[in-house]
Amino acid sequence: MLVATLAFLILPVVYTFVGSFATRMTGVVPEGLGTLDNWRVVLGLADTIGSQRSMGWTTLVALPNGLGIQVPAELAFSVALALGGVAINLVVGVPIAYAVARYDFRGKEWVDAFSVLPLVPGVVLGVAFLRAYPDLSATSFGLVVGYSLLKAPFMVMAVRSEFESMDLRRIEESARSLGASWPRTFLTVVVPQARSGILAGAIVCWTLAAAEFNFSYIVYAKGTQPLALFLQRHISNSAFPKAAAAVSLFFCIVVAVTVALQRLGNRGFDAIGGD
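Residues numbered from 1 in each chain as written. Predicted model: local features only at pLDDT ≥ 70, side-chain atom pairs only at ≥ 80, totals over all residues. Heavy atoms only, no water.

Structural notes on the overall build of the protein chain
Move 1: A tally of helices and strands in the protein chain yields twelve helices and two strands.
Move 2: Taken from the N to the C terminus, the helices and strands of the protein chain come in the order α-α-β-β-α-α-α-α-α-α-α-α-α-α.
Move 3: Per-residue burial for the protein chain yields a buried fraction of 38% across its 275 residues.
Move 4: The contacts of the protein chain with a sequence gap of at least 6 include a subset with a gap of at least 24, amounting to 65%.
Move 5: When the accessible area of the protein chain is evaluated, it comes to approximately 15,100 Å², of which 66% is carbon and sulfur surface. (Helix = DSSP H or I, 4+ residues; strand = E, 2+ residues; numbered from the N terminus. Buried < 20%, exposed > 50% of the residue type's maximum accessible area, 1.4 Å probe, protein only. Contact = heavy atoms within 4.5 Å. Areas by Shrake-Rupley, 256 points an atom, 1.4 Å probe, with all protein chains shown as cover.)

So this is what it looks like as C-alpha coordinates:
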(Lines give C-alpha, C1' and ligand atoms only; values in the text may rest on other atoms or scores of the structure.)
Protein backbone atom coordinates (compact mmCIF):
# COMPACT_ATOMS: atom_id res chain seq x y z
CA MET A 1 0.00 0.00 0.00
CA LEU A 2 2.83 2.38 0.89
CA VAL A 3 4.65 1.64 -2.37
CA ALA A 4 1.47 2.22 -4.37
CA THR A 5 0.85 5.52 -2.60
CA LEU A 6 4.41 6.73 -3.21
CA ALA A 7 4.22 5.70 -6.85
CA PHE A 8 0.92 7.53 -7.23
CA LEU A 9 2.46 10.72 -5.80
CA ILE A 10 5.82 10.53 -7.55
CA LEU A 11 4.68 9.39 -11.01
CA PRO A 12 3.32 12.81 -12.12
CA VAL A 13 6.57 14.50 -11.10
CA VAL A 14 8.69 11.96 -12.99
CA TYR A 15 6.40 12.14 -16.03
CA THR A 16 6.61 15.93 -16.08
CA PHE A 17 10.40 15.93 -15.74
CA VAL A 18 10.82 13.39 -18.54
CA GLY A 19 8.38 15.31 -20.73
CA SER A 20 10.48 18.46 -20.40
CA PHE A 21 13.12 16.80 -22.62
CA ALA A 22 10.63 15.87 -25.38
CA THR A 23 10.28 17.61 -28.72
CA ARG A 24 6.55 17.02 -28.98
CA MET A 25 3.57 15.31 -27.39
CA THR A 26 1.11 13.69 -29.78
CA GLY A 27 -0.13 11.18 -27.24
CA VAL A 28 0.50 10.03 -23.72
CA VAL A 29 4.14 9.08 -24.37
CA PRO A 30 6.60 11.98 -24.94
CA GLU A 31 8.37 11.83 -28.30
CA GLY A 32 11.85 12.86 -29.32
CA LEU A 33 13.40 12.66 -25.87
CA GLY A 34 16.85 14.14 -25.37
CA THR A 35 16.41 17.76 -26.41
CA LEU A 36 17.34 20.65 -24.14
CA ASP A 37 15.50 23.27 -26.19
CA ASN A 38 12.64 23.55 -23.70
CA TRP A 39 15.03 24.20 -20.84
CA ARG A 40 16.93 26.77 -22.92
CA VAL A 41 13.70 28.68 -23.45
CA VAL A 42 12.77 28.54 -19.77
CA LEU A 43 16.23 29.60 -18.59
CA GLY A 44 16.47 32.44 -21.09
CA LEU A 45 19.18 30.86 -23.23
CA ALA A 46 17.02 30.99 -26.38
CA ASP A 47 15.29 33.90 -28.07
CA THR A 48 11.62 34.18 -27.17
CA ILE A 49 8.97 36.79 -27.76
CA GLY A 50 5.64 37.89 -26.33
CA SER A 51 4.01 35.98 -23.56
CA GLN A 52 6.54 33.15 -23.85
CA ARG A 53 9.51 35.39 -23.06
CA SER A 54 12.18 33.90 -20.84
CA MET A 55 13.10 34.81 -17.31
CA GLY A 56 15.97 37.07 -18.22
CA TRP A 57 19.19 37.03 -16.24
CA THR A 58 20.57 39.06 -13.38
CA THR A 59 24.06 39.25 -11.87
CA LEU A 60 24.04 37.58 -8.47
CA VAL A 61 27.74 38.09 -7.68
CA ALA A 62 29.91 40.67 -9.48
CA LEU A 63 33.57 39.75 -10.09
CA PRO A 64 36.49 42.21 -10.39
CA ASN A 65 37.16 41.33 -14.06
CA GLY A 66 33.75 42.64 -15.09
CA LEU A 67 32.18 39.21 -15.21
CA GLY A 68 29.85 37.74 -12.65
CA ILE A 69 27.72 34.84 -11.54
CA GLN A 70 24.35 35.19 -13.24
CA VAL A 71 21.05 33.49 -12.46
CA PRO A 72 17.56 33.81 -13.99
CA ALA A 73 16.07 37.05 -12.68
CA GLU A 74 12.64 35.72 -11.76
CA LEU A 75 14.21 32.73 -10.01
CA ALA A 76 16.43 34.90 -7.80
CA PHE A 77 13.61 37.39 -7.21
CA SER A 78 11.12 34.72 -6.13
CA VAL A 79 13.59 32.88 -3.90
CA ALA A 80 14.41 36.16 -2.15
CA LEU A 81 10.75 37.13 -1.74
CA ALA A 82 9.80 33.75 -0.28
CA LEU A 83 12.82 33.69 2.05
CA GLY A 84 11.90 37.18 3.25
CA GLY A 85 8.44 35.89 4.11
CA VAL A 86 9.95 32.92 5.95
CA ALA A 87 12.19 35.26 7.97
CA ILE A 88 9.14 37.25 9.13
CA ASN A 89 7.30 34.00 9.91
CA LEU A 90 10.21 32.85 12.08
CA VAL A 91 10.47 36.12 14.01
CA VAL A 92 6.71 36.38 14.59
CA GLY A 93 5.43 32.80 14.39
CA VAL A 94 7.84 31.05 16.76
CA PRO A 95 7.13 33.36 19.76
CA ILE A 96 3.37 33.11 19.13
CA ALA A 97 3.55 29.32 19.00
CA TYR A 98 5.62 29.27 22.18
CA ALA A 99 3.26 31.58 24.06
CA VAL A 100 0.16 29.60 23.09
CA ALA A 101 1.80 26.26 23.93
CA ARG A 102 3.48 27.36 27.17
CA TYR A 103 1.15 29.74 28.99
CA ASP A 104 -2.49 30.02 29.98
CA PHE A 105 -3.60 33.63 29.81
CA ARG A 106 -6.73 35.66 29.23
CA GLY A 107 -7.43 35.94 25.52
CA LYS A 108 -5.39 32.88 24.61
CA GLU A 109 -8.22 31.60 22.43
CA TRP A 110 -8.23 34.88 20.51
CA VAL A 111 -4.48 34.78 19.96
CA ASP A 112 -4.80 31.19 18.78
CA ALA A 113 -7.62 32.15 16.41
CA PHE A 114 -5.88 35.21 14.99
CA SER A 115 -2.69 33.20 14.40
CA VAL A 116 -4.50 31.04 11.85
CA LEU A 117 -6.87 33.74 10.55
CA PRO A 118 -4.79 34.41 7.39
CA LEU A 119 -5.43 30.79 6.35
CA VAL A 120 -7.62 32.06 3.50
CA PRO A 121 -7.32 31.93 -0.30
CA GLY A 122 -4.66 34.25 -1.68
CA VAL A 123 -7.22 36.10 -3.77
CA VAL A 124 -9.11 37.15 -0.62
CA LEU A 125 -6.02 38.49 1.13
CA GLY A 126 -4.82 40.07 -2.12
CA VAL A 127 -7.98 42.16 -2.52
CA ALA A 128 -7.94 43.14 1.17
CA PHE A 129 -4.24 43.99 0.93
CA LEU A 130 -4.79 46.28 -2.07
CA ARG A 131 -7.53 48.17 -0.27
CA ALA A 132 -5.77 48.43 3.09
CA TYR A 133 -2.24 49.18 1.85
CA PRO A 134 -2.48 50.63 -1.70
CA ASP A 135 1.01 52.16 -1.59
CA LEU A 136 2.73 49.16 -0.01
CA SER A 137 1.05 46.52 -2.16
CA ALA A 138 2.78 47.59 -5.38
CA THR A 139 6.26 47.02 -3.95
CA SER A 140 8.45 43.97 -3.47
CA PHE A 141 8.23 44.49 0.28
CA GLY A 142 4.46 44.29 -0.03
CA LEU A 143 4.79 40.86 -1.62
CA VAL A 144 7.09 39.74 1.20
CA VAL A 145 4.62 40.92 3.85
CA GLY A 146 1.73 39.30 2.00
CA TYR A 147 3.54 35.99 1.68
CA SER A 148 4.37 36.03 5.38
CA LEU A 149 0.74 36.72 6.31
CA LEU A 150 -0.58 33.96 4.07
CA LYS A 151 1.85 31.33 5.29
CA ALA A 152 2.17 32.32 8.96
CA PRO A 153 -0.45 29.75 10.11
CA PHE A 154 1.68 26.90 8.75
CA MET A 155 4.67 28.09 10.77
CA VAL A 156 2.62 28.59 13.94
CA MET A 157 0.92 25.20 13.70
CA ALA A 158 4.14 23.31 12.92
CA VAL A 159 6.12 24.92 15.74
CA ARG A 160 3.26 24.84 18.23
CA SER A 161 2.84 21.08 17.84
CA GLU A 162 6.57 20.69 18.48
CA PHE A 163 6.42 22.85 21.62
CA GLU A 164 3.36 20.99 22.91
CA SER A 165 5.27 17.71 22.70
CA MET A 166 7.93 19.10 25.07
CA ASP A 167 7.86 19.60 28.84
CA LEU A 168 8.61 23.31 28.52
CA ARG A 169 8.25 24.07 32.22
CA ARG A 170 10.81 21.42 33.24
CA ILE A 171 13.25 22.46 30.50
CA GLU A 172 13.05 26.12 31.50
CA GLU A 173 13.39 25.42 35.21
CA SER A 174 16.46 23.26 34.61
CA ALA A 175 18.14 25.96 32.53
CA ARG A 176 17.24 28.74 34.95
CA SER A 177 18.56 26.71 37.90
CA LEU A 178 21.93 26.64 36.14
CA GLY A 179 21.99 30.43 35.95
CA ALA A 180 20.68 31.05 32.44
CA SER A 181 18.56 34.13 31.92
CA TRP A 182 15.11 33.80 30.35
CA PRO A 183 16.21 35.13 26.91
CA ARG A 184 19.21 32.79 26.92
CA THR A 185 17.01 29.88 28.00
CA PHE A 186 14.54 30.55 25.21
CA LEU A 187 17.11 31.12 22.44
CA THR A 188 19.72 28.50 23.31
CA VAL A 189 17.68 25.78 25.01
CA VAL A 190 14.00 25.90 24.05
CA VAL A 191 14.29 26.95 20.39
CA PRO A 192 16.96 24.36 19.44
CA GLN A 193 14.78 21.62 20.96
CA ALA A 194 12.04 22.60 18.50
CA ARG A 195 14.28 22.50 15.45
CA SER A 196 12.24 19.84 13.65
CA GLY A 197 9.05 21.89 13.78
CA ILE A 198 10.82 25.12 12.90
CA LEU A 199 12.60 23.62 9.89
CA ALA A 200 9.40 21.91 8.72
CA GLY A 201 7.48 25.17 9.05
CA ALA A 202 10.17 27.12 7.20
CA ILE A 203 10.25 24.64 4.31
CA VAL A 204 6.46 24.54 3.98
CA CYS A 205 6.19 28.33 4.18
CA TRP A 206 8.89 28.86 1.56
CA THR A 207 7.50 26.29 -0.86
CA LEU A 208 3.95 27.63 -0.65
CA ALA A 209 5.08 31.27 -0.86
CA ALA A 210 7.25 30.67 -3.93
CA ALA A 211 4.29 29.07 -5.72
CA GLU A 212 1.65 31.55 -4.50
CA PHE A 213 -0.18 32.64 -7.65
CA ASN A 214 -3.46 34.28 -6.60
CA PHE A 215 -1.94 36.84 -4.24
CA SER A 216 0.97 37.52 -6.61
CA TYR A 217 -1.34 38.02 -9.58
CA ILE A 218 -3.51 40.55 -7.74
CA VAL A 219 -0.79 42.51 -5.95
CA TYR A 220 2.01 42.43 -8.54
CA ALA A 221 2.37 45.73 -10.40
CA LYS A 222 5.53 45.93 -12.49
CA GLY A 223 9.17 44.90 -12.66
CA THR A 224 10.55 41.41 -12.26
CA GLN A 225 7.72 38.93 -11.97
CA PRO A 226 7.40 36.36 -9.17
CA LEU A 227 8.04 32.78 -10.20
CA ALA A 228 4.36 31.85 -9.89
CA LEU A 229 3.46 34.28 -12.69
CA PHE A 230 6.32 32.94 -14.79
CA LEU A 231 4.96 29.41 -14.37
CA GLN A 232 1.45 30.53 -15.29
CA ARG A 233 2.74 32.26 -18.41
CA HIS A 234 4.55 29.18 -19.66
CA ILE A 235 1.84 26.72 -18.68
CA SER A 236 -1.02 28.61 -20.31
CA ASN A 237 0.77 29.66 -23.51
CA SER A 238 3.09 26.76 -24.29
CA ALA A 239 2.96 23.19 -25.49
CA PHE A 240 3.36 20.50 -22.84
CA PRO A 241 7.17 20.05 -23.21
CA LYS A 242 7.88 23.74 -22.53
CA ALA A 243 5.33 23.84 -19.71
CA ALA A 244 6.91 20.69 -18.28
CA ALA A 245 10.33 22.35 -18.35
CA ALA A 246 9.01 25.36 -16.41
CA VAL A 247 7.35 23.14 -13.80
CA SER A 248 10.43 20.90 -13.57
CA LEU A 249 12.53 23.99 -12.92
CA PHE A 250 10.29 24.77 -9.97
CA PHE A 251 10.69 21.19 -8.70
CA CYS A 252 14.47 21.60 -8.86
CA ILE A 253 14.30 24.91 -7.00
CA VAL A 254 12.14 23.39 -4.27
CA VAL A 255 14.56 20.50 -3.78
CA ALA A 256 17.60 22.80 -3.74
CA VAL A 257 16.12 25.30 -1.28
CA THR A 258 14.74 22.52 0.94
CA VAL A 259 18.18 20.92 1.22
CA ALA A 260 19.79 24.32 1.82
CA LEU A 261 17.30 25.24 4.55
CA GLN A 262 17.80 21.89 6.27
CA ARG A 263 21.60 22.16 6.24
CA LEU A 264 21.75 25.82 7.23
CA GLY A 265 19.08 25.29 9.88
CA ASN A 266 20.81 22.29 11.43
CA ARG A 267 24.15 24.11 11.49
CA GLY A 268 22.56 27.17 13.03
CA PHE A 269 20.77 25.16 15.71
CA ASP A 270 23.95 23.21 16.45
CA ALA A 271 25.85 26.46 16.88
CA ILE A 272 23.15 27.88 19.16
CA GLY A 273 22.77 24.72 21.20
CA GLY A 274 26.51 24.36 21.63
CA ASP A 275 26.97 27.92 22.73
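Some thoughts on the pattern of salt bridges
Move 1: Within the structure shown, the criterion is met by five salt bridges.
Move 2: For glutamate 164, the salt bridge identified is with arginine 160, shortest N-O distance 2.8 Å. Within this pair, glutamate 164 and its partner arginine 160 are both found in helix α6 (residues 140-164), separated by four residues, close to a single helical turn. (Salt bridge = Lys/Arg side-chain N within 4 Å of Asp/Glu carboxyl O.)

Section: helix α7 (residues 168-177)
Move 1: Every buried residue of α7 is accounted for by Leu168, Ile171, Glu172 and Ala175. Looking down the long axis of α7, one finds its buried residues gathered within 95 degrees of arc, a one-sided arrangement.
Move 2: Where α7 is buried, its residues contact α3 (73-102), α6 and α8 (182-193).
Move 3: A positive phi of about 100 degrees marks glycine 179, the residue just after α7. (Arc of directions from axis to C-beta.)

Examining the side chain of threonine 16
Move 1: Here threonine 16 shows up in helix α1 (residues 2-19).
Move 2: We classify threonine 16 as buried; its relative accessible area is 15%.
Move 3: Not counting the four nearest positions on each side in its chain, threonine 16 is found in contact with Phe240, Ala244, Val247, Ser248 and Phe251.

Focus: the confidence of the model for the protein chain
Move 1: Of the residues in the protein chain, 85% have a pLDDT of 70 or more, and the chain-wide mean is 79.
Move 2: In the model, residues 49-53 has pLDDT below 50 throughout and makes eleven contacts with residues more than four positions away in sequence or in other chains. (pLDDT = per-residue confidence, 0-100.)

Examining the UniProt feature "transmembrane region" (unreviewed entry) in the protein chain
Move 1: As recorded in UniProt, the sites labelled "transmembrane region" (unreviewed entry) are residues 75-101, 113-133, 139-159, 198-220 and 240-261.
Move 2: Secondary structure within residues 75-101 divides into 100% helix and 0% strand; the distance between the first and last C-alpha atoms comes to 37 Å.
Move 3: Regarding residues 139-159, the helix share stands at 95% and the strand share at 0%, and the terminal C-alpha atoms are separated by 30 Å. (UniProt positions renumbered as here; feature names shortened; annotations may be inferred.)

Here's the deal with the packing of aromatic side chains
Move 1: Under the defined criterion, the tally for this structure stands at 13 aromatic pairs.
Move 2: With a centroid separation of 5.3 Å and 75 degrees between ring planes, the pair formed by phenylalanine 17 and phenylalanine 21 is classed as edge-to-face.
Move 3: Relative accessible area serves as the criterion here: at 37%, phenylalanine 17 is assigned to the partly exposed category.
Move 4: Judged by relative accessible area, phenylalanine 21 falls into the partly exposed class, the value being 22%.
Move 5: Note on phenylalanine 21 and tryptophan 39: the rings are 5.8 Å apart at their centroids and 25 degrees apart in plane angle, and the pair reads as stacked. (Phe/Tyr/Trp six-rings, centres within 6.5 Å; stacked < 30°, edge-to-face > 60°.)

Re a nonpolar patch on the surface
Move 1: On the surface, a nonpolar cluster with roughly 800 Å² of combined accessible area is contributed by Leu2, Leu6, Phe8, Leu9, Ile10, Val14, Val18 and Leu33.
Move 2: Examined against the element boundaries, leucine 9 turns out to sit in helix α1.
Move 3: Classification of leucine 9 by relative accessible area gives exposed; the value is 53%. (Patch = residues over 30% accessible without salt bridge, like charges linked within 9 Å, V, L, I, M, F, W, Y side chains within 5 Å.)

A closer look at helix α5 (residues 122-132)
Move 1: All of the buried residues along α5 are Gly122, Leu125, Gly126 and Phe129. One side of α5 holds all its buried residues, which, seen down the axis, span an arc of 105 degrees.
Move 2: On the buried face of α5, the contacting elements are α6 and α10 (214-219).

Let's talk about the nonpolar core
Move 1: One finds Phe163, Trp206, Phe215 and Ile253 to be the most contacted residues of the largest nonpolar core, which totals 49 residues.
Move 2: Leaving out residues up to four positions away in the same chain, isoleucine 253 has contacts with Leu75, Val79, Trp206 and Leu227. (Core = buried A, V, L, I, M, F, W, Y, C linked by side-chain atoms within 4.5 Å.)

Focus: the side chain of asparagine 38
Move 1: Mapped onto the elements of the fold, asparagine 38 is located in helix α2 (residues 37-43).
Move 2: Judged by its relative accessible area of 5%, asparagine 38 is buried.
Move 3: A distance of 2.8 Å separates a polar side-chain atom of asparagine 38 from the backbone oxygen of serine 20.
Move 4: When neighbours within four sequence positions are excluded, asparagine 38 is seen to be in contact with Gly19, Ser20, Phe21, Ala22, Pro241, Lys242 and Ala245. (Polar contact = N/O pair within 3.5 Å; in protein donor to acceptor, adjacent residues only side chain to side chain.)

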